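Observations on chain architecture
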Amino acid sequence: MATDDTHDIADRVAAIWRMESPRLIASLTRVVRDIGLAEDLAQDALVAALEQWPSEGVPDNPGAWLMTAAKRRGIDQLRRREMLTRKHQEIGYGLMAEQNAVPDHEAALDDDLGDDLLKMMFTSCHPALSTEGRTALTLRLVGGLTTDEIARAFLVPEPTIAQRIVRAKKTITEKKIPFAVPRGEDRDERLASVLEVIYLIFNEGYAATAGNDWIRPALCEDALRLGRILAELAPGEAEVHGLVALMELQASRFAARVGPGGEPITLIDQDRSKWDRLLIDRGLAAIERARALNQPRGTALLQAEIAACHARALTAADTNWIRIANIYDELAAVSPSPIVELNRAVAVSMAVGPEPALELIDSLVADGRLRGYHLLPSVRADLLKRLGRIDEARQELALAASQATNARERDMLLARAQHLA
Amino acid sequence: MRFMALMVEKPREDGWTPSAGEMAAMIQFNREMDKAGVRLSAEGLQPPSKGARVSFGDGAPKITDGPFAESKEVIGGFWMIQAKSKAEAVEWFRRCPAAPGAVIEIRPVFEMADFPEDIRKAAGL
């Protein structure tokens, strides 16, 4: 039985580091204006903690202790003249300039207001960085994951992730990306970039839940955590709550998505008793927060509203397809895409019937943008079957099977073709 | 990973309510967990005098209405949080503004990965 005295200090410090390092590094970045230097100072504080806490005990407020230790080391470094590098000189000049500058209200707003962690999120998700760089840097600096944890989550070697992080930080320095919460006209675009990164991380975990791949759901948990953190940092943004809602609702279906043989189960066929009601409640609550803001509905919120329609239906037959079809109409107007059109056609087929849906599908076929995408003939086959056009349905399923991206999908489509009367 | 934290307290007098300061401290603690994205749910439980017990023995279960005279401990409430490790969950609840004499018991929640493969298959998972 481990008591407080024998409790592993290393475990405690690792947990404290994971909890405190994002805020610590973000605050230091604001002060020293360089992420790399901020990380170095934070690391120095961690080393000091590992040296002192075993004998002195872990402080009551470990975050504050680490911050003080990091700042002390920062001041020591700046004071040691013989160790001043150009970077530190620039920081010194920058700090002096800040004190002497004519007040620039826009810049003052950008720099001084706004939470440090929010500044870090906007910085680590900046569109100038590569997608891989953004996800790795955000998981590290905002999510508090180690490079090794990120590497295992993305199934790539650790040096690959380390490289991506190095490159991302270099881009931030080279492009002089300011450490600030954007407030001007690029705010919407910058926020969209943050949401895109978080959802990318979520999808990375969500797509790979087949079989015994239990590592990947942890990535969804990390994305959810990042989304929830952002929701508290930017509570006035409906799209943020919309994205959180979408992720909570999609995650709620995890246990029902995969069959005993590892085969994917579509939403309509899932055993709803396996849906996580805690996450559904959280998703619906996030939607309420978004609605209360009375802002025009964006893509994430609309997708969440669709997911909520499914979540509220106790059985597939209870689904309010008319409402779903209406939301797809709005979604098609806000962010039109052939995939949205395809999903809209499915909703219309359930809400109204197969004939109007087939018209939408045939437009998509004529449009050509989804050529080669197996779900298009798959949906067409289902509509034709419902209209009694069995031979045509069988042909569509054969076409879909030939376009399937993996063997399991292909086998399922061929099996469907065999089951036709 | 999910953890449930149970607040285990000494029985209080009927009609007891927390002070404004105690409420504020607890609200702030919950808020910190929200800001970190780790708090999934939390509820306070009404006193045992409002509750009932279902006791199982050989025959039919026995029902007793609260309060339960022999109780030395009362579960006051619970949290469900998401954390990477038990150490992290413990670190969070060290910071809980619990009253002296209270104990918070932290338990990991069973997840599908915890069950051996044959049980998962039997459960259709």
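Read on for an overview of the structure. The structure presented is a predicted model; accordingly, all values stated were derived computationally and were not measured.

Focus on the side chain of S27 of chain A
By secondary structure assignment, the location of S27 of chain A is in helix α1 (residues 9–32). Within the local environment of S27 of chain A, its side chain forms a polar contact with the side chain of D116 of chain A, the two groups lying 3.0 Å apart.

Comments concerning the packing of α1 of chain A against helix α2 (residues 35–56) of chain A
To characterise two packed helices, one gives the angle between the axes of the helices and the distance between these axes. All names here are of chain A. Where α1 meets α2, the axes come as close as 9 Å, and the angle between the chain directions of the two elements is 145 degrees. Two packed elements cross with a definite hand, and for α1 against α2 that hand is right-handed. In this structure, α1 uses I9, V13, I16, W17, L24, I25, L28, T29 and V32 to contact α2, whose residues at the interface are I35, L37, A38, E39, L41, A42, Q43, L46, L50, W53 and P54. Here the residues of the contact of α1 with α2 sort into 17 nonpolar, two polar and one charged.

A look at a nonpolar patch on the surface
All names here are of chain B. On the surface, a nonpolar cluster with roughly 360 Å² of combined accessible area is contributed by V54, F56 and I63. With respect to the secondary-structure elements, V54 resides in strand β3 (residues 52–55). By relative accessible area, which is 49% here, V54 ends up partly exposed.

Let's talk about the pattern of salt bridges
All names here are of chain A. Per the stated rule, a full pass over the model turns up 38 salt bridges over all chains. The partner of E39 in a salt bridge is R140, with the nearest N and O atoms 3.9 Å apart. Within this pair, whereas E39 is found in helix α2, its partner R140 is found in helix α7 (residues 131–141), the two being separated by 101 residues in sequence. Where salt bridges share partners, they join E288, R291, R297, E305 and E330 into one cluster.

Focus on empty space enclosed by the protein
All names here are of chain A. Per the stated rule, a full pass over the model turns up one cavity of 30 Å³ or more. No other element matches the three residues that helix α11 (residues 215–233) contributes to the lining of the largest cavity. Looking at the lining of the largest cavity residue by residue, the classes come out as two nonpolar, one polar and six charged.

Some points on the packing of aromatic side chains
All names here are of chain B. Here the structure, examined in full by the defined rule, presents five aromatic pairs over all chains. Measuring from ring centre to ring centre gives 6.0 Å for F29 and W79, while their planes differ by 85 degrees; the resulting arrangement is edge-to-face. Separated by 50 residues along the polypeptide, F29 in helix α1 (residues 20–35) and W79 in strand β5 (residues 74–82) bring together distant segments of the chain. One exposure class covers both F29 and W79, and it is buried. Plain terms: the ring middles of F29 and F93 are 5.7 Å apart, the flat faces sit at 65 degrees to each other, and that makes the pair edge-to-face. Note that F29 is positioned in helix α1 and F93 in helix α2 (residues 86–94), a separation of 64 residues in sequence. Grouping residues by exposure puts F29 and F93 together as buried. Ring pairs connect the aromatic residues F29, W79 and F93, which therefore count as one cluster. Between the NZ or CZ atom of R12 and the centre of the ring of W16, over which it lies, the distance is 3.8 Å.

Brief notes about the sheet that holds strand β2 (residues 39–44) of chain B
Judged by pairing direction, the sheet is antiparallel, and its four strands sit side by side in the order β2-β5-β1-β6 (chain B) without closing on themselves. Looking at strand neighbours, the two that pair on one side only are β2 and β6 (103–108) of chain B, the edges of this open sheet. Direction aside, neighbouring strands of the sheet carry axes that sit 20 degrees apart on average. Bridging between β2 of chain B and β5 of chain B involves five bridges; their strand directions are antiparallel. Paired with R39 of chain B across the two strands is I81 of chain B, which belongs to β5 of chain B. In the packing of helix α14 (residues 277–292) of chain A onto the sheet, contacts are made with β1 (2–9), β2 and β5 of chain B, and the angle to β2 of chain B comes to roughly 95 degrees. Against the sheet, α1 of chain B engages β1, β2 and β5 of chain B, with an angle of about 20 degrees to β5 of chain B.

Rules used in this analysis
- Residues numbered from 1 in each chain as written.
- Chains lettered and ligands numbered in written order.
- Predicted model: local features only at pLDDT ≥ 70, side-chain atom pairs only at ≥ 80, totals over all residues.
- Heavy atoms only, no water.
- Helix = DSSP H or I, 4+ residues; strand = E, 2+ residues; numbered from the N terminus.
- Polar contact = N/O pair within 3.5 Å; in protein donor to acceptor, adjacent residues only side chain to side chain.
- Axes fitted to C-alpha atoms, helices over the stretch in contact; angles between N-to-C directions.
- Left-handed = near helix turned anticlockwise from the far one by under 90°.
- Contact = heavy atoms within 4.5 Å.
- Nonpolar A, V, L, I, M, F, W, Y, C, P; charged D, E, K, R; others polar.
- Patch = residues over 30% accessible without salt bridge, like charges linked within 9 Å, V, L, I, M, F, W, Y side chains within 5 Å.
- Areas by Shrake-Rupley, 256 points an atom, 1.4 Å probe, with all protein chains shown as cover.
- Salt bridge = Lys/Arg side-chain N within 4 Å of Asp/Glu carboxyl O.
- Buried < 20%, exposed > 50% of the residue type's maximum accessible area, 1.4 Å probe, protein only.
- 1 Å grid on protein atoms, 1.4 Å probe; cavity = no way out; pocket = protein on both sides within 12 Å on 5 of 7 lines; lining within 4 Å.
- Points joined across faces, edges and corners; volume = space filled by probe spheres on them.
- Phe/Tyr/Trp six-rings, centres within 6.5 Å; stacked < 30°, edge-to-face > 60°.
- Lys NZ or Arg CZ within 6 Å of the ring centre and 35° of its normal.
- Pairing = 2+ DSSP bridges.

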